[in-house]
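Here are the chains, one letter per residue:
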Amino acid sequence: MAFRRLSSLLSPSLSSSNAATSLRSLGSGFKGMGGIPRLSTAVAFEEPIAPPVQIDHTQLLINGEFVDAASGKTFPSLDPRTGEVIAHVAEGDAEDVNRAVTAARRAFDQGPWPKMNAYERSRIIYRFADLLEKHIEEIAAIETWDNGKPYEQAANAEIPLVVRIFRYYAGWADKIHGLTVPADGPFHVQTLHEPIGVTGQIIPWNFPLMLYAWKVGPALACGNTVVLKTAEQTPLSALYVSRLFHEAGLPPGVLNVISGFGPTAGAALSSHMEVDKLAFTGSTTTGKLVLGLAAKSNLKQVTLELGGKSPFIVCEDADVDKAVEQSHNALFFNQGQCCCAGSRTFVHERVYDEFVEKAKARALQRVVGDPFKKGVQQGPQIDSDQFEKILKYIRLGIEGGATLESGGERIGSKGYYIQPTVFSNVQDDMLIAKDEIFGPVQSILKFKDLEEVIRRANMTRYGLAAGVYTHSLETANTLMRALRAGTVWINCYDVFDAAIPFGGYKMSGQGREKGVYGLRNYLQVKAVVTPLQNPAWL
């Protein structure tokens, strides 16, 4: 598939025809949206569906083996549908990070991976991608169980894109090369593109395997070794797929996985003197800490993909119905837990009232429930902390004077479900318009002209993404150049592809992931100069 529009899975025409077979029967007593009320986000909460997968890997992965934490400690990984324990996972800390880095250093300095023929490296990554594809059902079930995202979203879009990303970088492995450079004098000059060494990677909880692929894929294709720290909320899927990587033939020590907490395992990895490169995805606040630890230790290179407060601009000539649907998906996709969510919906004053009414109606149609149930578009938030944070911002929006059009409350008494929430009459100085809420809360703001909306859209510390809805090529060209964001989607949103770079301006991060740009994060450039004696030509 050339690209994945992830949020398209949230449309009312959602189909599970490609879902893995044993999950198709879940909720099969329903037709289409299956007995779920369409005029309300409330659903009848039954007993949670038992996930058709067993959790077998809860230890740390170090030097090709699953081992307990040195301290013997574990922590619970919770089901966001209920708050109940799925499994107890090894809690890595500084000692375990050191063991993993030692294994990665040995694998890089003495092991076969960086010395291996690049074609052989690519074959191992291709085999891994094949195994991912073979086990999509189990992987998607683990991702949904641990994270709360709809199974159909994980199985039909996210995991296939993970497969595609690894195949993309497998294809790059034997095509990385330097240049021959002309010089002013009798010298032969060439550049070598070399792997950096041991790379530390810290991934978030909202897209665990997607970000695993964005980081591990290019790092290994370039010949590096990896120590990866999972988010403490979602450690399970990375451990499962890393076992498959070793089944594909990955040598011991090349990929090590540590589950644990930021202040212990994350800080130890960020400040480790034997880590040559660091990549982090998460909040801007934590990104600053990671960058500081990297600088204070060995000044290791750092790639950061951080927060966002992305504008979605609906121009006066836009098809309102299509813009409503697109902006709805841009915000509510993945329970609103998306760094590039279109969380500031700017609507031209001439279509504002119509847009607000239709956005409200669309939110009321959104299907919320057990993410394993067929047809569900929105599952629970990740955990109690995020759940309470979102409800706090909803209260702040009401207290700040915004108009609550729909939602605003929790659903049920068990788990972390929140009604899809829409605010109108939102002003730029309100906290719901400034802060990254990371939840199902749409803020709709009014604007008069392009000059005004450009100024207001850029009036943020973030710059990760933006959306524009217009029929005018001139308007699109004006906005795509004026908006200070790493990605601008025109008449679409959340279109991701292995080849499309992703990253932010300003406090949304530094560097780019995916595509050829993602390779640059994991390569050193070395210039080699050799004198020529009596050259035939220069």
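Every chain is numbered on its own, with residues counted from 1 as its sequence reads. Residues qualify for local features only when their pLDDT is at least 70, as the model is predicted, and side-chain atom pairs are given and counted only at 80 or more; totals for whole chains, interfaces and linings, by contrast, use all residues. Side-chain metrics in this entry use all non-hydrogen atoms of the structure; hydrogen atoms and water are not considered.

### Notes on the overall build of the chain
Reasoning step 1: By definition, any uninterrupted DSSP run of H or I lasting at least four residues is a helix, any uninterrupted run of E lasting at least two residues is a strand, and each is numbered from the N terminus. Within the chain, the secondary structure is distributed over 16 helices and 22 strands.
Reasoning step 2: Both definitions apply: the radius of gyration is a C-alpha atom measure, and the globule rule equals 2.2 Å times residues to the power 0.38. The C-alpha atoms of the chain give 24 Å as radius of gyration, which agrees with the globular expectation for 538 residues (24 Å, within 12%).
Reasoning step 3: Partly exposed residues are those whose accessible area sits between 20% and 50% of the maximum for their type, while under 20% is buried and over 50% is exposed, using a 1.4 Å probe and protein chains only. The burial tally for the chain puts 59% of its 538 residues in the buried class.
Reasoning step 4: Contacts are residue-level and defined by heavy atoms, with any inter-residue pair within 4.5 Å sufficient. Looking at the chain alone, contacts between residues at least 24 apart form 76% of all its contacts between residues at least 6 apart.
Reasoning step 5: Of the roughly 20900 Å² of accessible surface on the chain, 52% is carried by carbon and sulfur atoms.
Reasoning step 6: When the 54 positive and 56 negative side-chain charges of the chain are each reduced to one mean point, those points stand 3 Å apart. Residue-level accessible areas treat just the shown protein chains as cover; the underlying method is Shrake-Rupley with a 1.4 Å probe. When charges are counted, Lys and Arg contribute as positive and Asp and Glu as negative, whereas His and the chain ends are disregarded. In plain terms, the charge of a residue is placed at NZ if it is Lys, CZ if Arg, CG if Asp and CD if Glu.

### A short note on the sheet that holds strand β6 (residues 180–181)
Reasoning step 1: A pair of strands is labelled paired if DSSP reports no fewer than 2 bridges between them. The strand order β6-β7-β22 describes an open sheet built from three strands, whose pairing is antiparallel. In this open sheet, the two edge strands, each paired with only one partner strand, are β6 and β22 (523–531).

### Thoughts on the environment of alanine 118
Reasoning step 1: With respect to the helices and strands, alanine 118 occurs in helix α3 (residues 118–134).
Reasoning step 2: Along the sequence, alanine 118 and tryptophan 172 sit 54 residues apart, while their C-alpha atoms lie 9.2 Å from each other.
Reasoning step 3: Residues in contact with alanine 118, not counting those within four places in the same chain, are Ala173 and Asp174.

### Overview of the sheet that holds strand β14 (residues 344–348)
Sheets are built from strands that pair by backbone hydrogen bonding, the pairs being arranged parallel or antiparallel.
Reasoning step 1: Ordered by their spatial adjacency, seven strands build an open sheet running β15-β16-β17-β14-β13-β18-β19, and the pairing between neighbours is mixed. Every interior strand has two partners, whereas the edge strands, β15 (403–406) and β19 (487–490), have only one. Sheet twist, expressed as the average angle between the axes of neighbouring strands with direction ignored, equals 25°.
Reasoning step 2: In this analysis an axis means a line fitted to C-alpha atoms, helices contributing only their contacting stretch, and an angle means the value between N-to-C directions, from 0 to 180 degrees. Where helix α10 (residues 320–332) meets the sheet, its contacts fall on β13 (311–314), β14, β16 (421–424), β17 (441–447) and β18 (465–469), and the angle it forms with β17 comes to roughly 135°.

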